[in-house]
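Okay, here's what each chain looks like letter by letter:
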Amino acid sequence: MKTIALVCVVMCLTFGIASSHYYYGKGMMSVLSKQAEALYQGLAMVSSEDGGMLTSHHDHGYHGYRHRVTFTAVTSSSAKYSSGTTIPFTTVKTNYGNAFNNGNYRFTAPSNGVYVFSWSIATHSSYYGHAKLMKNGSTYHQVHCSSGYQQCGATVTIILNKHDQVWLASDSSSTYVLATYSSFSGWKLN
């Protein structure tokens, strides 16, 4: 990680030196130098906080990070859903920790903690995009989109116990979800 950060810093500085004298003068070099230093510090901070977890190509056994979890899934087909129907987010983009089940479209908390869930529903012109975040069978939060081509959603924090389940369901008899434009994500804060 430090090698990558150093290469980024050197490239930024090299580009900055070459272009700053020709186009912008010495003021631009100062700005680029500060940006390179901020980039280096940010990369160093991420590297030290995750112990290399995010950059490791072989760390799928968690090695001390068994409670870290994140997922993103999107819908793969457009469809109308009746009220209370679970919205099927079938295309899983990320599922670190394997807490999202793409068979029942539910997230199951692997441990107690504070989690964040974010979702976005794209609607069709003559339907609504009403959706609700469910926690163990009860409504936790709702969003209501008017008819028309819209994108609406929410981001919420929620305290979960181990094995609690969270999913998205239709909140109207005329909820329409457009494929690939609708997504559901979640991650553990602590």
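For the structure itself, look to the data block above.
Residues numbered from 1 in each chain as written. Predicted model: local features only at pLDDT ≥ 70, side-chain atom pairs only at ≥ 80, totals over all residues. Heavy atoms only, no water.

(A) Region of interest: the packing of aromatic side chains. Inspection of the entire model under this criterion finds 10 aromatic pairs. When the ring of Phe100 is compared with that of Phe184, the centres are 6.3 Å apart and the planes differ by 80°; the resulting orientation is edge-to-face. Here Phe100, found in strand S4 (residues 100–101), pairs with Phe184, found in strand S12 (residues 183–188); they are 84 residues apart in sequence, far enough to count as distant. You can call Phe100 buried: its relative accessible area is 4%. You can call Phe184 buried: its relative accessible area is 0%. Ring geometry for Phe107 and Phe117: centres 5.2 Å apart, planes at 75°, overall edge-to-face. Residue Phe107 is located in strand S5 (residues 106–108), and its partner Phe117 is located in strand S6 (residues 113–122); the two are separated by 10 residues in the primary sequence. (Phe/Tyr/Trp six-rings, centres within 6.5 Å; stacked < 30°, edge-to-face > 60°. Helix = DSSP H or I, 4+ residues; strand = E, 2+ residues; numbered from the N terminus. Buried < 20%, exposed > 50% of the residue type's maximum accessible area, 1.4 Å probe, protein only.)

(B) Spatial organisation of the sheet that holds strand S7 (residues 131–135). The strand order S4-S5-S10-S7-S8 describes an open sheet built from 5 strands, whose pairing is antiparallel. Each of the sheet's edge strands pairs with one partner strand only, and the pair in question is S4 and strand S8 (138–143). By the bridge criterion, 5 bridges tie S7 to S8 in an arrangement that is antiparallel. Residue pairing for S8: Lys135 is matched across the bridge by Ser138. (Pairing = 2+ DSSP bridges.)

(C) Focus on the side chain of Asp171. Its location among the elements puts Asp171 in the loop between strand S10 (165–170) and strand S11 (175–177). Once residues within four sequence positions are removed from consideration, Asp171 is found in contact with Ser83, His130, Ala131, Lys132, Gln142 and His144. (Contact = heavy atoms within 4.5 Å.)

(D) Spotlight on the sheet that holds strand S1 (residues 70–74). The strand order across the open sheet formed by 5 strands is S3-S1-S12-S6-S9, and the pairing between neighbours is antiparallel. In this open sheet, the two edge strands, each paired with only one partner strand, are strand S3 (91–96) and strand S9 (151–160). In this sheet, adjacent strand axes meet at a mean angle of 10° when their direction is disregarded. (Axes fitted to C-alpha atoms, helices over the stretch in contact; angles between N-to-C directions.)

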